[in-house]
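Observations on chain architecture
Listed here are the chains, written in short residue letters.
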Amino acid sequence: MPPELKRADYIVSSNVVRTLMNLNFFDAVLERLADLRPRERPRPCFFVADEYDQIVTQPADGEYYARSREACAINVVATQSYAVLVSRFKDQHAARALMANLRN
């Protein structure tokens with residue numbers, strides 16, 4: 001098997017694992033809201049992602065960011081540019097929706 005093919009397989013596998021870990025973390029943060037007692041505030045948690053454009057999923061990430069403030073989640077994401085997000089989604093509307101949710 002050529003080395004290029006093996007490398008391509010690892011890239012695809014690593015992208016799948018990164019995306020699943022991302023979504024699993026988001027689920028865990030939002031599930032904490034269901035376990036809270038009345039007037040109890042959740043402990044803060046952090047999500048830090050560099051090269052975020054590699055793992056972003058839409059609309060799942062947008063929904064998480066819209067509700068993450070309630071869960072006391074602090075999100076720090078870095079990407080090369082807005083254009084990279086647009087090219088990732090192939091839709092400028094989806095990238096704008098994600099940016100709007102990040103601002104909130």
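Scroll up to find the structure.
Residues numbered from 1 in each chain as written. Predicted model: local features only at pLDDT ≥ 70, side-chain atom pairs only at ≥ 80, totals over all residues. Heavy atoms only, no water.

What follows deals with the packing of aromatic side chains. Tallied over the full model, the rule gives 8 aromatic pairs. Seen in terms of ring centroids, Phe 26 and Phe 47 are 5.1 Å apart; in terms of plane orientation they differ by 70°. Their pairing is edge-to-face. Here Phe 26, found in helix H1 (residues 3–34), pairs with Phe 47, found in strand E1 (residues 45–49); they are 21 residues apart in sequence, far enough to count as distant. Its relative accessible area of 2% is what places Phe 26 among the buried residues. Through a chain of ring-to-ring contacts, three or more aromatic side chains come together here, namely Phe 25, Phe 26, Phe 47, Tyr 52, Tyr 64 and Tyr 65. (Phe/Tyr/Trp six-rings, centres within 6.5 Å; stacked < 30°, edge-to-face > 60°. Helix = DSSP H or I, 4+ residues; strand = E, 2+ residues; numbered from the N terminus. Buried < 20%, exposed > 50% of the residue type's maximum accessible area, 1.4 Å probe, protein only.)

Counting 19 residues, the largest nonpolar core has Phe 47, Tyr 52, Tyr 64, Tyr 65 and Leu 98 as its most contacted members. Where this core is concerned, the elements lending two or more residues are H1, E1, helix H2 (60–68), helix H3 (82–89) and helix H4 (92–103). Here the element with the most residues in this core is H1; it accounts for 4 residues. Discounting residues that sit within four places of it in the chain, Tyr 64 has contacts with Phe 25, Phe 26, Val 29, Leu 30, Ala 73 and Asn 75. (Core = buried A, V, L, I, M, F, W, Y, C linked by side-chain atoms within 4.5 Å. Contact = heavy atoms within 4.5 Å.)

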